[in-house]
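Coordinate analysis (summary)
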Amino acid sequence: MFIYCAFMPGHFERNVDMMKWTKHIKDENGASAIIVALMLVVLLSAAALAVDLGAAYAKSAKVQNTCDSAALAAAHKLPDSDTTIATAKDFIKENGIDPEHAVITINDTGTRVEVRIKEDVNTGFAKIIGIDSVDVNKSAIAGKMSTTTTTTKKKIGAIFNYLLFQGSTDDMVFGSGGMGIYGQVHGNGNIKINAELQALGGISQSGNDLYTTNTFPIIKKNETTGNFDKIGTTQIQWWPYQIQAKLNDGTTIDDIRHSEYYVKEEDEIPMPDFITDNLDKLIPAEKPGISNFSGWKEVSSNLNSALDSNVHYTGTSTVLEKSFSHNLYTDGNLKVSARTSDITINGDIYCDGSLNLWAYGAKITINGNLYVKGDLKISTNNDLAVNGSIYCNGDISSDGDSIGKINCDYIYCNNFIPGGHADISGVLVAENQITFTAASNSVSSSLAVVSKKGNINLTAGSQEFNGIVYAPEGTITLGGITEIHGNLIAKKLNLTSALSIYPLRDSTIEDLYDPVLKDSVEEIVTSSSDIVKLIE
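None of these values were measured; they are calculated from a predicted model.

**What about the overall build of the protein chain?**
- What the protein chain contains, in helices and strands, is 4 helices and 39 strands.
- Expressed as a percentage of its 536 residues, the buried residues of the protein chain come to 44%.
- Only carbon and sulfur atoms are counted for the fraction: they give 50% of the accessible area of the protein chain, which is about 27100 Å².

**Topic: the packing of helix α3 (residues 273–282) against helix α4 (residues 506–517)**
- In contact at an axis separation of 8 Å, α3 and α4 are set at 95° when each is read in the N-to-C sense. Between α3 and α4, the crossing angle belongs to the class labelled roughly perpendicular. Residue-level inspection shows Phe274, Ile275, Asn278, Leu279 and Leu282 of α3 in contact with α4, the latter providing Asp514, Pro515, Val516 and Leu517.

**A few points about the pairing of strand β17 (residues 317–320)**
- Taking every second residue as pointing to the same face, the buried face of β17 carries Thr318 and Leu320, while none of Ser317 and Val319 on the other face is buried.
- Here β17 runs beside strand β19 (residues 333–338); their pairing, made up of 4 bridges, is parallel. Residue pairing for β19: Thr318 is matched across the bridge by Leu334.

**Concerning the packing of aromatic side chains**
- The final tally for this structure, using the stated rule, is 14 aromatic pairs.
- When the ring of Trp238 is compared with that of Tyr241, the centres are 5.7 Å apart and the planes differ by 45°; the resulting orientation is tilted.
- With a centroid separation of 5.7 Å and an interplanar angle of 20°, the aromatic rings of Tyr329 and Tyr350 are classed as stacked. One end of the pair, Tyr329, is in strand β18 (residues 328–330); the other, Tyr350, is in strand β21 (residues 349–351), with 21 residues separating them in the sequence. The burial state of Tyr329 is the same as that of Tyr350; both residues are buried.
- By the ring-pair criterion, three or more aromatic residues cluster together here, those being Phe293, Trp296, Tyr329, Tyr350 and Tyr371.

**A closer look at the pattern of salt bridges**
- For the structure shown, the criterion picks out 15 salt bridges.
- As a salt-bridge pair, Asp280 and Lys452 come within 3.3 Å of each other at their nearest N and O atoms. With Asp280 in helix α3 and Lys452 in the loop between β34 (447–451) and β35 (456–458), this residue pair connects regions lying 172 residues apart in the sequence.
- Of the residues examined, Asp280 reaches a relative accessible area of 44% and is grouped as partly exposed.
- A salt bridge links Lys518 to Asp514; the nearest nitrogen and oxygen atoms lie 3.7 Å apart.
- The exposure class of Lys518 is partly exposed, given its relative accessible area of 27%.
- One network of salt bridges, with partners in common, ties together Asp280, Glu431, Lys452 and Lys453.

**With respect to the sheet that holds strand β9 (residues 210–212)**
- If you walk across this open sheet you meet the 3 strands as β5-β7-β9, and the pairing is parallel. The open sheet has two edge strands with one neighbour each: β5 (172–174) and β9. On average, each strand axis in the sheet is inclined to that of its neighbour by 10°, with strand direction left out of account.
- The pairing of β5 with strand β7 (residues 191–193) spans 3 bridges and is parallel.

**A few points about the state of the cysteines**
- For the structure on display, the rule yields 0 disulfides.
- Considering cysteine sulfurs only, Cys413 is the nearest to Cys392, which forms no disulfide, with 6.3 Å between them.

**A look at helix α2 (residues 81–94)**
- Across its 14 residues, α2 extends 20 Å between first and last C-alpha, which sits within 8% of the 20 Å expected from 1.5 Å per residue.
- Regarding α2, the residues found buried are Thr84, Thr87, Ala88 and Ile92. All buried residues of α2 lie within an arc of 135° about the axis, which places them on one face of the element. Along α2, exposed side chains directed more than 90 degrees from the buried face belong to Asp82, Lys93 and Glu94.
- At the N-terminal end of α2, a side-chain oxygen is found 3.3 Å from the backbone nitrogen of Asp82, two or three residues along, and the residue is Asp80.
- Taken from the residues just after α2, Gly96 is the one with a positive phi, measuring 80°.

**Structural notes on the environment of Lys62**
- With respect to the secondary-structure elements, Lys62 resides in helix α1 (residues 9–75).
- Overall, Lys62 belongs to the partly exposed group, its relative accessible area being 37%.
- With 34 residues separating them along the chain, Lys62 and Gly96 place their C-alpha atoms 9.6 Å apart.

**So, the side chain of Ser206**
- When you line up the elements, Ser206 lands in the loop between β8 (199–205) and β9.
- Judged by its relative accessible area of 11%, Ser206 is buried.
- Those residues in contact with Ser206, other than ones at most four positions away along the chain, are His186, Gly187, Asn188, Gly189, Lys264, Glu265, Asp267, Glu268 and Ile269.

Conventions used here
Residues numbered from 1 in each chain as written. Predicted model: local features only at pLDDT ≥ 70, side-chain atom pairs only at ≥ 80, totals over all residues. Heavy atoms only, no water. Helix = DSSP H or I, 4+ residues; strand = E, 2+ residues; numbered from the N terminus. Buried < 20%, exposed > 50% of the residue type's maximum accessible area, 1.4 Å probe, protein only. Areas by Shrake-Rupley, 256 points an atom, 1.4 Å probe, with all protein chains shown as cover. Axes fitted to C-alpha atoms, helices over the stretch in contact; angles between N-to-C directions. Parallel < 35°, antiparallel > 145°, perpendicular 65-115°, else oblique. Contact = heavy atoms within 4.5 Å. Pairing = 2+ DSSP bridges. Phe/Tyr/Trp six-rings, centres within 6.5 Å; stacked < 30°, edge-to-face > 60°. Salt bridge = Lys/Arg side-chain N within 4 Å of Asp/Glu carboxyl O. Disulfide = S-S within 2.5 Å. Expected span 1.5 Å × (residues − 1). Arc of directions from axis to C-beta. Polar contact = N/O pair within 3.5 Å; in protein donor to acceptor, adjacent residues only side chain to side chain.

See the structure below:
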C-alpha cells in the first residue's frame, strides 16, 4: 500500500517546538526535588531554633527571677556574710537551680550582695544545625541601706499624765474611802491619804511629806490586756515612819518613795496655760452679731407672721411659737415657746436681750447657734435639743428640770447652773462658777468643763463623765460621781467623795485634742529603719 503524506512547512515547525517543550519538563523533575529538600532543611532549622531558643528564653527569665529574689532575701542578712550567702543559696535551691551554678559576692562595706547564676541549656532540634547548648548568664545586686523618717505627732500636755492634779501648795488630802485612782496623782504640796483607797497607780509631789493612815492597793496597767492589775499592797511602818509595799511576786519595797510608783519633783509643776490658750482660739472674744441687715425683714410686732426670711425684730420682747428655717435677730428679749406642737429652728438666733427656751408637752430643736447678750434660761423637761454652739454673756440656768441634749463645739457663759439633768458634748466654759447638782447626769460623749476664774461643783449623784475638768484658779468639789474617764485639774481638789477615775479614752482624746488637749509644742518623732532594694 502506498501511503502519501503531505507536510506543510508551518506544521512541521510547531511539532518540533512541542517536542522540545516536553523534554524540558522531563528535565525539570530532578531540580524540583532538590529545591523542596533544601526548603525542608531551612524550615526544620527555623523550627528547631524557635523551640530551643524559646526554652532558653524561659529558662533565662526563671534564672533572672531567681537572682532577684535570692539577692533581696540575702540582703536582709547583711553584713553577716555567712548568713547572707547561706540565705541566697537556700532561695536558689528552692527555685530548682543547683547552687553550684551560682557565685555570691559581698562588697567590702557589707552593704551589697551580688548573685550570679550561669547555666547551660541543652538543645534538642537545634543539634541538627550544630547548636548543642545555649548559655544563660544572669545576675542581680541588692543593697541594704538605712533610712530616717521624721514625723510630727500629736502631743498631749504632760499635765494629762496625772488623773488628779492640784496646783496649789496646800496639802492634797484624800478624805473619802472607796476612791479608786487608776493612774498617777500630783500635788504641788504634801500628799495625805486619810481614807482607805480602792486603788492608786502612783504618786508625784513637789512637797516633802507623804503621809497615809490607811493601806491601799498599788495598781499598774497591763499593756497587753489594757486592764489595771493589782500588783501589791502598801502597809505602814510606824517607827521610823515609812510606807512599805508588799508586791504579788513576793518582793518588798521598804519605802515606796524609793520605787517607780513615787516621784519627788524638785520644783512645782505650773498650771497648764495652753488649755486656756486653746479655748481662746475656739471661743470668740465677744458675742457674734450682725452689723448689716440688708435683705432681712424688719418687724416690731407679730413675729410669727414674718418667718419666710431672715428676721430682725426691733421690739423689746416677743414670743416665737412656730418653726422656721432662717436666722433671727432680736433687739430685746425672746421666748421660744413649745406648748402643743414641736418647734424646729434651722438657723442661728441672735438675742440682744435674754433668751428663754420653754418646752413642756412639745419639743424644741435648734439646728444652729445661740448668741445671747443677757441670760439664757432653759425651762424644759428633757424636751430640748441644740445642735450648735452657745455664746451667752450672762448666766445659763434652768428651772430645775432637765435641760436636754446639747451637741456643740462650745458653750460659753458667765455662770453655768443647770439645776437639772444635763447631757452635753463639746467644751463648756464659764468665766466663773459651774455647778452640776442634779442626779443621774450622763455625759456619754466627750466634754471639757472649764471655769476660768471660779469653782466647779460636781456634787451630782451617779454621774458618768468622759473628758477633763479644769479650774486653774478655783476648787473642784466632788460628790456622788461614780466614774470618770479623764482628768481633774484645779488649783485645789476637794476629795471628800467616792470616785473611780481612769485615763482618757482614745476617742475622747481625738474629740478634745484640738480644742483643749494639745500643747503648744509639737512632738517630733524620728525613727530609723533598714530598707532593702534591687540596685542592678
